[in-house]
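# Understanding the architecture of this molecule
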Amino acid sequence: MNQDQLKQAVAQAAVDHILPHLDSKSVIGVGTGSTANYFIDALARHKMEFDGAVASSEATAARLKSHGIPVYDLNSVGELEFYVDGADESDEHLHLIKGGGAALTREKIVAAVAKTFICIADQSKLVPVLGRFPLPVEVIPMARSHVARQLVKLGGDPVYREGVVTDNGNVILDVHNLQIVNPVELEAQINAIVGVVTNGLFAARPADILLLGTPEGVRQLNR
């Protein structure tokens, strides 16, 4: 199986996992990126079995709407039973790095509201120690240089993601050369830097379930 086929398999596995728990009032949180897009396409075949979705990006909202799935503002939704999204990296504790698609802030907000966070990824995303994938940090534009200097003090090598503006109007610094042995602590340290909106470590609120696509089938890891 190639990578796209692995993504399709885990997307379908996520749909199969949540379907028995949905009813006409259910609203589902949906992430951003190529794997999340496969999930949206698989979910659309069952759009009459739930109420609608909350999107973590404008791109996701557009894809959901193109399938005729109603998209709600998170402020109008009481609770989300599930949030389904991909990841750039995961460790065995289901701590994640996310934000390769620059949607990390909205993704983190939706994940915080959901009762169950299901991460879907191919097996290449499971790593012993986070940090091989550069850690995205969303930053208020005027604070970019200040934040970069503070990230260097934490041992990282921040690189400005040229030409990228988030849905929130901010910029991204990608922090290279980190060995993230304590993700919860580092997440808090970076978020405490003035000018940081949030960073791509999902450790304080990790995934609850990781569905991992492998050539032998979908493997499930639980937190």
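All of these numbers come straight from a predicted model, not from anything done at the bench. Within each chain, residue numbers correspond to sequence positions counted from 1 in written order. Where local features are concerned, this predicted model is filtered to residues with pLDDT of at least 70; where side-chain atom pairs are given and counted, the filter is 80 or more; whole-chain, interface and lining totals use all residues. The basis for the side-chain values is all heavy atoms of the structure; hydrogens and waters are excluded.

### What to know about the overall build of the protein
Within the protein, the secondary structure is distributed over 6 helices and 13 strands. What the globule rule says is 2.2 Å times the number of residues to the power 0.38, and the radius of gyration is computed from C-alpha atoms. A globule of 223 residues ought to have a C-alpha radius of gyration of about 17 Å, and the protein, at 17 Å, matches this closely. In terms of principal-axis extent, the alpha carbons of the protein reach across some 50 × 40 × 30 Å. Contacts are residue-level and defined by heavy atoms, with any inter-residue pair within 4.5 Å sufficient. Partitioning the contacts of the protein with sequence separation of at least 6, the portion at a separation of at least 24 is 74%. Secondary structure counts use DSSP, requiring at least four H or I residues in a row for a helix and at least two E residues in a row for a strand, with both numbered from the N terminus.

### Quick look at helix α3 (residues 58-66)
Summary of the burial criterion: residues with accessible area below 20% of their type's maximum are buried, those above 50% are exposed, and those between are partly exposed, where the area comes from a 1.4 Å probe applied to protein chains only. For α3, the full list of buried residues reads Thr 60, Ala 61 and Leu 64. Taken down its axis, α3 places every buried residue within 100° of arc, on the same side. In α3, those exposed residues whose orientation departs by more than 90 degrees from the buried face are Ala 59 and Ser 66. Along its buried surface, α3 packs onto β1 (27-30), α2 (34-43) and β2 (52-55). Where α3 terminates, the next one or two residues include Gly 68, which has phi positive at roughly 80°. The arc in question is the one spanned by the directions pointing from the helix axis to the C-beta atoms.

### Digging into the pairing of strand β7 (residues 135-139)
Counting buried positions over the 5 residues of β7 gives 5, a clear majority of the element. Covered by surrounding structure in β7 are Leu 135, Val 137 and Val 139 together with Pro 136 and Glu 138, the residues of both alternating faces. Pairs of strands are assigned from DSSP output, requiring at least two bridges between the strands. Alignment of β7 against strand β9 (residues 171-176), held across 5 bridges, turns out to be antiparallel. Bridging across to β9, Leu 135 finds its partner in Val 175. Pairing of β7 with strand β10 (residues 196-199) involves 3 bridges; the strand directions are antiparallel. Bridging from a neighbouring strand, Glu 138 pairs with Thr 198 of β10.

### Some words on the pattern of salt bridges
The working definition used for a salt bridge is a side-chain nitrogen of Lys or Arg within 4 Å of a carboxyl oxygen of Asp or Glu. Enumeration according to the criterion identifies 12 salt bridges in this entry. Between Asp 41 and Arg 63 there is a salt bridge, and its shortest N-O distance comes to 2.9 Å. You can see Asp 41 sitting in helix α2 and its partner Arg 63 sitting in helix α3, a full 22 residues away along the chain. Taking the relative accessible area as the measure of exposure, Asp 41 reaches 24% and is therefore partly exposed. A salt bridge links Glu 81 to Lys 115; the nearest nitrogen and oxygen atoms lie 3.7 Å apart.

### Comments concerning the sheet that holds strand β8 (residues 157-160)
Here 4 strands make up an open sheet; going across it, the order is β8-β9-β7-β10 and the pairing antiparallel. Edge positions in the open sheet fall to β8 and β10, since each of these has one partner strand only. Here the average twist between neighbouring strands, direction ignored, is 30°. Pairing between β8 and β9: 4 bridges, direction antiparallel. Each residue of the ladder has a partner; that of Pro 158, found in β9, is Val 175. Fitting a line to C-alpha atoms yields each axis, with helices limited to the stretch in contact; the angle taken between N-to-C directions then spans 0 to 180 degrees. Seen against the sheet, helix α5 (residues 144-153) touches β7, β8, β9 and β10 and runs at an angle of roughly 15° to β9.

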